[in-house]
Amino acid sequence: AQSVTQLGSHVSVSEGALVLLRCNYSSSVPPYLFWYVQYPNQGLQLLLKYTTGATLVKGINGFEAEFKKSETSFHLTKPSAHMSDAAEYFCAVSGANSGGYQKVTFGIGTKLQVIP
Amino acid sequence: DAGVTQSPTHLIKTRGQQVTLRCSPKSGHDTVSWYQQALGQGPQFIFQYYEEEERQRGNFPDRFSGHQFPNYSSELNVNALLLGDSALYLCASSSLTTGMAYTFGSGTRLTVV
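What counts as what
- Numbers given for residues are sequential positions, taken from 1 along each chain in its written order.
- Working convention: letters from A go to chains and numbers from 1 go to ligands, in the order in which they are written.
- Owing to the predicted nature of the model, reporting of local features is limited to residues with pLDDT of at least 70; listing and counting of side-chain atom pairs is limited to 80 or more, with chain, interface and lining totals taken over all residues.
- Each side-chain value is derived from all of the structure's non-hydrogen atoms; neither hydrogens nor water enter the calculation.
- Each helix is a run of DSSP H or I of at least 4 residues and each strand a run of E of at least 2, with the numbering of both proceeding from the N terminus.
- The globule rule used for comparison is 2.2 Å times the number of residues to the exponent 0.38, while the radius of gyration itself is calculated over C-alpha atoms.
- Only protein chains enter the accessibility calculation, which uses a 1.4 Å probe. A residue is then buried if its area is under 20% of the maximum for its type, exposed if over 50%, and partly exposed in between.
- By definition, residues are in contact when any of their heavy atoms lie within 4.5 Å.
- Any two strands with at least two DSSP bridges between them are considered paired.
- A fitted line through C-alpha atoms represents every axis, and for helices the fit uses only the stretch in contact; the resulting angles, taken between N-to-C directions, go from 0 to 180 degrees.
- Criterion for a disulfide: a pair of cysteine sulfur atoms at a distance within 2.5 Å.
- Put simply, buried Ala, Val, Leu, Ile, Met, Phe, Trp, Tyr and Cys residues joined by side-chain atoms within 4.5 Å make one nonpolar core.
- Salt bridge, as used here: a side-chain nitrogen of Lys or Arg that lies within 4 Å of a carboxyl oxygen of Asp or Glu.

Novice: What is the right way to read the overall build of chain B from this model?
Specialist: Counting its regular elements, chain B contains zero helices and eleven strands. Reading chain B from its N end, one meets helices and strands in the order β-β-β-β-β-β-β-β-β-β-β. Whereas a compact globule of 113 residues would reach a radius of gyration of roughly 13 Å, chain B reaches 13 Å, a difference of no more than 12%. Overall, chain B is about 40 × 25 × 25 Å in size when its C-alpha atoms are taken along their principal axes. Buried positions account for 51% of the 113 residues belonging to chain B. Long-range pairs, those at least 24 residues apart, make up 52% of the contacts in chain B with a sequence separation of at least 6.

Novice: Hey, could you run me through the sheet that holds strand 6 (residues 56-58) of chain A in this one?
Specialist: Backbone-to-backbone hydrogen bonds pair the strands of a sheet. The strands run either parallel or antiparallel. Residue and element names in this part refer to chain A. Reading across the sheet, the five strands line up as 1-3-8-7-6 and stay open at both edges, with antiparallel pairing between neighbours. Strands with a single pairing partner mark the edges of an open sheet, and in this sheet they are strand 1 (2-7) and strand 6. Geometrically, the sheet is characterised by an average inter-axis angle of 20° between neighbouring strands, direction not taken into account. Relative to strand 8 (residues 73-78), strand 3 (residues 19-27) runs antiparallel, the two sharing four bridges. In the strand pairing of strand 8, Asn24 is matched with Ser73.

Novice: Where do I start with the state of the cysteines in this structure?
Specialist: Such a bond, covalent and formed between the sulfur atoms of two cysteines, is termed a disulfide. As enumerated under the stated definition, the model contains two disulfides over all chains in all. Linked covalently through their sulfurs, Cys23 of chain A and Cys91 of chain A form a disulfide whose S-S length is 1.9 Å. Because the sign of the S-S torsion sets the handedness, a value of about -65° for the bond joining Cys23 of chain A and Cys91 of chain A places this disulfide among the left-handed ones. Pair noted here: Cys23 of chain A is in strand 3 and Cys91 of chain A is in strand 9 (residues 87-95), with a separation of 68 residues, a long-range link. Residue Cys23 of chain A shares its accessibility class with Cys91 of chain A, and that shared class is buried. Two residues, Cys23 of chain B and Cys91 of chain B, share a disulfide whose sulfurs are 1.8 Å apart. Taking the sign of the S-S torsion, about -60° here, the bridge from Cys23 of chain B to Cys91 of chain B comes out left-handed. Note that Cys23 of chain B is positioned in strand 3 (residues 19-24) and Cys91 of chain B in strand 9 (residues 87-94), a separation of 68 residues in sequence. Taking the relative accessible area as the measure of exposure, Cys91 of chain B reaches 0% and is therefore buried.

Novice: How should I be thinking about the nonpolar core in this particular structure?
Specialist: Residue and element names in this part refer to chain A. Counting 26 residues, the largest nonpolar core has Trp35, Leu48, Leu76 and Tyr89 as the members making the most contacts within it. Of all elements in the fold, only strand 2 (10-14), strand 3, strand 4 (31-38), strand 5 (44-50), strand 7 (64-68), strand 8, strand 9 and strand 11 (110-115) reach the threshold of two or more residues within this core. Setting aside chain neighbours within four positions, we find Leu48 in contact with Leu33, Phe34, Trp35, Val57, Lys58, Gly59, Phe63, Glu64, Ala65, Phe74 and Leu76.

Novice: Would you mind showing me how to read the pattern of salt bridges here?
Specialist: Proximity of charged atoms lets side chains of opposite charge pair with each other. One pass over the full model with this rule turns up six salt bridges over all chains. When the shortest N-O distance is used, the salt bridge between Glu64 of chain A and Lys58 of chain A registers 2.8 Å. Given a relative accessible area of 61%, Lys58 of chain A falls into the exposed group. The closest approach of N and O atoms between Arg22 of chain B and Glu75 of chain B, which form a salt bridge, is 3.4 Å. In this pair, Arg22 of chain B is assigned in strand 3 and Glu75 of chain B in strand 8 (residues 74-78), connecting sequence segments 53 residues apart.

Novice: What exactly am I supposed to notice about the sheet that holds strand 1 (residues 5-7) of chain B here?
Specialist: Residues and elements named next belong to chain B. Across the sheet, four strands lie side by side as 1-3-8-7; this open sheet has antiparallel pairing. The sheet is open, and its two borders are formed by strand 1 and strand 7 (64-68), each paired with just one other strand. For this sheet, the mean inter-axis angle between neighbouring strands, taken without regard to orientation, is 15°. Pairing between strand 3 and strand 8: five bridges, direction antiparallel. By the bridge assignment for strand 8, Thr20 is matched with Asn77.

Right, dumping it as structure tokens:
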């Protein structure tokens, strides 16, 4: 069983400010963790993923996330928000591939508003 | 390189009707997963196809069925449509080499009236 909790359905930041989107996960096996971004009327685009190895993961558009096993967290950050970052962000979890295929479970999403 | 292609982009159906949605995965991907995203919600897993078989299924009734073809493309069929089936239906493709990272299509917006 696996689940994702995203704290804060809406987050507002000023342009140039730090972006922090929170995600906690639950998984009965070692997790694979993902962040996706969705712009209006579009599909989801992968920002970054954690599978194994380095716990700090860098993604596209200046985003990064840190896997903290002790806290079961995978928070998404960006040092300086840009207007184009306004979108909805989804955290997702999957069980580490053990030879079979695992479904990916998504959180409810966090809408990021960037204020000029 | 074409990504994931879904058709149609929009669809309006009447309650009780049946609908078929189509998906062509990204080149090199062999696994197709389908998700339902209701307005303001996260994507909900419907099912996943690999080697033309349903490998995983979410908590959706049997009215939802699918198929995968030898060229890895896939269809999602929904019978006896309900108003609550109105949503964005997303197709995602992946492979073992992507570590379960998906490439999503732009979705099919289904409206049931």
